[in-house]
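Below, each chain spelled out in residue letters.
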Amino acid sequence: MVQMNCVFVPLVFAELYKLLAGEKRHSDALEEQLASINLPLDWLAEAGDAYNAKWTSDLEYLTPDSVAQCALSEQHSQFATWLLAGLHASGACGELSANLEATVMTRALSEVDGIPTPLPPVLSPKIIGWALGSVIGREGSDLPVAPALSPSDENVRAAFEGLIEHVLAIQGMSEPWPEMMQTAMYWRGYGLAEALRPEESTGGLALKRLRLETFSSMAYAEGLTIGKHLDSFNGRRNALSHITDDPSRPRFVDVIDEVRQSSDIDLTMRAMTQFVFYDVARVAREHPPAVVRQGAWESMEREIHVWS
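Read on for an overview of the structure. Each chain carries its own residue numbering, running from 1 in the direction its sequence is written. Local features in this predicted model are restricted to residues whose pLDDT is 70 or higher, and side-chain atom pairs enter the listing and the counts only when it is 80 or higher, whereas totals over whole chains, interfaces and linings include all residues. Excluding hydrogens and water, the side-chain values take into account all heavy atoms of the structure.

## Digging into the sheet that holds strand E2 (residues 131–135)
Sheets are built from strands that pair by backbone hydrogen bonding, the pairs being arranged parallel or antiparallel. Should DSSP find at least two bridges between two strands, the strands are regarded as paired. To qualify as a helix, a DSSP run of H or I must reach at least 4 residues; to qualify as a strand, a run of E must reach at least 2; elements of each kind are numbered from the N terminus. The strand order E1-E2-E3 describes an open sheet built from three strands, whose pairing is antiparallel. Either end of the sheet is taken by a strand with one partner, and the two such strands are strand E1 (125–128) and strand E3 (145–147). For this sheet, the mean inter-axis angle between neighbouring strands, taken without regard to orientation, is 40 degrees. Note: E2 against E3, three bridges, orientation antiparallel. Across the sheet, residue Ser134 finds its bridge partner in E3, namely Ala146. Contacts are assigned to residue pairs that have any heavy atoms within 4.5 Å of one another. Only the contacting stretch of a helix is used when fitting its axis, a line to C-alpha atoms as for every element, and angles between N-to-C directions run 0 to 180 degrees. Relative to E2, helix H4 (residues 74–85) is tilted by about 135 degrees, and along the sheet it contacts E1 and E2.

Next up, the structure:
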């Protein structure tokens, strides 16, 4: 099973905290979040400068082949996810994510001579559902994304890891892909929805609830596209599970023709990633990771201290 890993080089945190420090519309929520562990809002700028100093120091020895060795421990990504999770009521996070991705890429390409694109996972941040993740997709795809905090439920964690493993395997294959490699996304997606919202009586109802809960964290157009895909998700899953013709559901042969498109796999993966990341952010708010405590910054700062 693939091991989900979400760690970054200091540049990512330098740019993230610089962006957050400049986002006045988020200042109240960030100030409240930071105050819970006795950090002032000004900490964002202080942290950004500290990470930037560490990155600048690392550049003296860094090469394209060694950039992953400069990644910081996972506590930095986990703390950032907890901080971002406090912005869940702020609407969509896509703009912040796009700005972070763009600034990191611009600096990486200009400051690391010869670094190839797509950038490695330690330089490929993404914010989904107000949780931080690292893009680990092949062939330049922005999916799959590994979350900084693993899902709290053991079944969900294993199922999502399996889904990531499946998509990575498909990305490494030449098209056309085997039919069952594509249709398996429906069974795993339905099962993940059930596991994320077990209080719902069916996976179909769980999908509807998750779609409603996560819609505000997505860009409007993306939410509509994913929603349209999910409208037919349960019907297609039933047709794929029950092959005999039945007037109450689409025909099996018609459904496999529809789903044998790369866009179908992409949309299912986007939906499930959105749901899992949204839940990761929720758990981070309700049960902060161990790194979130008074004195957290002193602990993280020791790892990025630059000796003069």
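## So, the packing of aromatic side chains
We call Phe, Tyr and Trp rings a pair once their centres come within 6.5 Å, taking the six-membered ring for Trp, and we label the pair stacked below 30 degrees between planes, edge-to-face above 60, and tilted otherwise. Inspection of the entire model under this criterion finds ten aromatic pairs. Ring geometry for Tyr51 versus Trp297: centroids 5.9 Å apart, planes at 55 degrees, classification tilted. Remark: Trp297 occurs in helix H13 (residues 296–304) and Tyr51 occurs in helix H3 (residues 43–59); sequence separation between them is 246 residues. Relative accessibility under 20% of the residue-type maximum defines a buried residue, over 50% an exposed one, and the middle range a partly exposed one, all with a 1.4 Å probe and only protein chains included. Residue class for Trp297 comes out buried when judged on its relative accessible area of 5%. In this structure an aromatic cluster arises from ring pairing among Phe8, Phe13, Tyr17, Trp43, Tyr51, Phe79, Trp82 and Trp297. The rule is short: NZ of Lys or CZ of Arg within 6 Å of the ring centre and within 35 degrees of the ring normal puts a charge over the ring. Here Arg237 stacks its cationic end above the ring of Tyr190, 3.6 Å away from the centre of that ring.

## Focus on the environment of Val291
With respect to the secondary-structure elements, Val291 resides in the loop between helix H12 (262–286) and H13. The sequence separation of Val291 and Gln75 amounts to 216 residues, and the corresponding C-alpha distance is 6.1 Å. Non-local contacts of Val291, meaning those with residues more than four positions away in its chain, are made with Gln75, Gln78, Phe79, Ala296 and Met300.

## As for helix H5 (residues 94–111)
Think of an α-helix as 3.6 residues a turn; residues three or four steps apart then line up on the same face. For a helix, the expected span equals 1.5 Å multiplied by the number of residues minus one. Helix length check: H5 (18 residues) gives 26 Å between terminal C-alpha atoms against 26 Å at 1.5 Å per residue, within 8%. Here H5 has its buried residues at Leu96, Ser97, Leu100, Val104, Arg107 and Ala108. Here the buried residues of H5 occupy an arc of 115 degrees about the axis, which is enough to place them on one side. Residues Glu95, Thr106 and Ser110 are exposed on H5 and point more than 90 degrees away from its buried face. As used here, the arc is the angular range of directions from the helix axis to the C-beta atoms.

## Things to note about the pairing of E2
Counting buried residues in E2 gives five out of five residues, a clear majority hidden from the surface. Of the two faces of E2, the one lined by Ala131, Gly133 and Val135 and the one lined by Leu132 and Ser134 are each fully buried. When E1 meets E2, the two strands line up antiparallel, connected through four bridges. Opposite Ile128, over in E2, you have Ala131 as the bridge partner.

## Some words on a negative patch on the surface
Patch membership needs two things, relative accessible area over 30% and no salt bridge, and members are linked within 9 Å if like-charged or within 5 Å if nonpolar (Val, Leu, Ile, Met, Phe, Trp, Tyr). All accessible-area figures derive from a Shrake-Rupley calculation using a 1.4 Å probe, and residue coverage is judged against the displayed protein chains alone. In the sections that follow, a salt bridge refers to a side-chain nitrogen of Lys or Arg positioned within 4 Å of a carboxyl oxygen of Asp or Glu. Think of it this way: Lys and Arg go in the positive column, Asp and Glu in the negative one, and His and the chain ends go nowhere. Think of each charge as sitting on NZ of Lys, CZ of Arg, CG of Asp or CD of Glu. Together, Asp28, Glu31, Glu32, Asp42, Glu46, Asp49, Glu298 and Glu301 make up a negatively charged patch on the protein surface. Contributing elements (two or more residues each) for the negative patch: helix H2 (27–35), H3 and H13. Broken down by element, the residue count for the negative patch peaks at three residues, all from H2. Relative to the helices and strands, Asp49 resides in helix H3. Residue class for Asp49 comes out exposed when judged on its relative accessible area of 57%.

These figures capture arrangement, not role.
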